[in-house]
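Descriptive analysis of the structure
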Amino acid sequence: MIDEDTLLGVLNTTPVVNGRTQDLWADDAGVRQWAREQGDRGDTASLEWLRTARDVLQTATRGSLPEVEMRRMLADVHQLPEVSEAGLQWHLQAPPERMLSVELVLTWYDVRERRPGRLRPCGNDECHLFLLDRSRANTARWCSMKTCGNRLKARRHQERARRTATP
């Protein structure tokens, strides 16, 4: 199953670089390599489902759940219990080309349930990245304090300085 850091990495595959949004999965080679690293075949159908899952989860994390697309991705998906001496385990069954996409969706729902309100977009409106706030106080605002946080704090400081300097 996909972990929350991997999910965050997928959500962050559309960064803004020099003021322009980049899609690290626009090229099949990039998304195929990622899929294969996760144990997927990386065939064309799988890649399209992965891009769809990423886009739907980005939209949902920003606030509006695309229910129709989510239902389409989860159609014909089942979790079946298996009992053994090791205990009860659940096994995911999905069409092979959607297995990895379904795992992303299930991980997204798991994170939203276990860490409510902590998976969110960066507080910098010019940034398209997401963060998973692991702070005790749940007060993280930026994907990175080093980039977005410092940039916004410096901008606010300059605005305050300008207001106090002009009569």
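Check the entry above for the structure.
Here's a quick rundown of the structure. (Residues numbered from 1 in each chain as written. Predicted model: local features only at pLDDT ≥ 70, side-chain atom pairs only at ≥ 80, totals over all residues. Heavy atoms only, no water.)

Considering helix H1 (residues 4-11)
Summarising burial for H1: 6 of the 8 residues are buried, a large majority. Its side-chain oxygen 3.2 Å from the backbone nitrogen of Asp5, Asp3 forms the N-cap of H1. (Buried < 20%, exposed > 50% of the residue type's maximum accessible area, 1.4 Å probe, protein only. Helix = DSSP H or I, 4+ residues; strand = E, 2+ residues; numbered from the N terminus. Polar contact = N/O pair within 3.5 Å; in protein donor to acceptor, adjacent residues only side chain to side chain.)

A word on the packing of aromatic side chains
The final tally for this structure, using the stated rule, is 2 aromatic pairs. Consider the rings of Trp25 and Trp34, whose centres lie 5.3 Å apart with planes at 45°: the pair is tilted. This pair shows no difference in class: Trp25 is buried, exactly as Trp34 is. The ring of Trp49 has Arg98 lying over it, and the distance from NZ or CZ to the ring centre is 5.2 Å. (Phe/Tyr/Trp six-rings, centres within 6.5 Å; stacked < 30°, edge-to-face > 60°. Lys NZ or Arg CZ within 6 Å of the ring centre and 35° of its normal.)

What to know about the pattern of salt bridges
Counted by the stated rule, this structure contains 13 salt bridges. Between Arg54 and Asp23 there is a salt bridge; the shortest N-O distance is 2.9 Å. Within this pair, whereas Arg54 is found in helix H3 (residues 44-62), its partner Asp23 is found in the loop between strand S2 (20-21) and helix H2 (28-37), the two being separated by 31 residues in sequence. Using a relative accessible area of 33% as the deciding quantity, one classes Asp23 as partly exposed. With a shortest N-O distance of 2.4 Å, Asp43 and Arg41 are connected by a salt bridge. Linked through salt bridges whose partners overlap, the residues forming this network are Glu4, Asp5, Asp110, Arg114, Arg115 and Arg134. (Salt bridge = Lys/Arg side-chain N within 4 Å of Asp/Glu carboxyl O.)

Looking at the environment of Arg118
Mapped onto the elements of the fold, Arg118 is located in the loop between helix H5 (99-114) and strand S5 (119-121). Placed 16 residues apart in sequence, Arg118 and Arg134 show a C-alpha to C-alpha distance of 7.3 Å. Dropping the residues within four chain positions of it, Arg118 is found in contact with Leu131, Leu132, Asp133, Arg134, Ser135, Arg136 and Asn138. Within polar-contact distance, the side chain of Arg118 engages the backbone oxygen of Ser135 at 2.5 Å. (Contact = heavy atoms within 4.5 Å.)

Regarding the packing of helix H4 (residues 67-74) against H5
One can describe the packing of H4 onto H5 by two numbers: an axis separation of 9 Å at closest approach and a directional angle of 125°. By the criterion of interaxial angle, the relationship of H4 to H5 is oblique. Here H4 and H5 pass one another in a crossing that is left-handed. The segment H4 lies against H5, with Met70, Met73 and Leu74 engaging Val102, Val105, Trp108 and Tyr109. Its residues assigned to classes, the contact of H4 with H5 comprises 7 nonpolar, no polar and no charged. (Axes fitted to C-alpha atoms, helices over the stretch in contact; angles between N-to-C directions. Parallel < 35°, antiparallel > 145°, perpendicular 65-115°, else oblique. Left-handed = near helix turned anticlockwise from the far one by under 90°. Nonpolar A, V, L, I, M, F, W, Y, C, P; charged D, E, K, R; others polar.)

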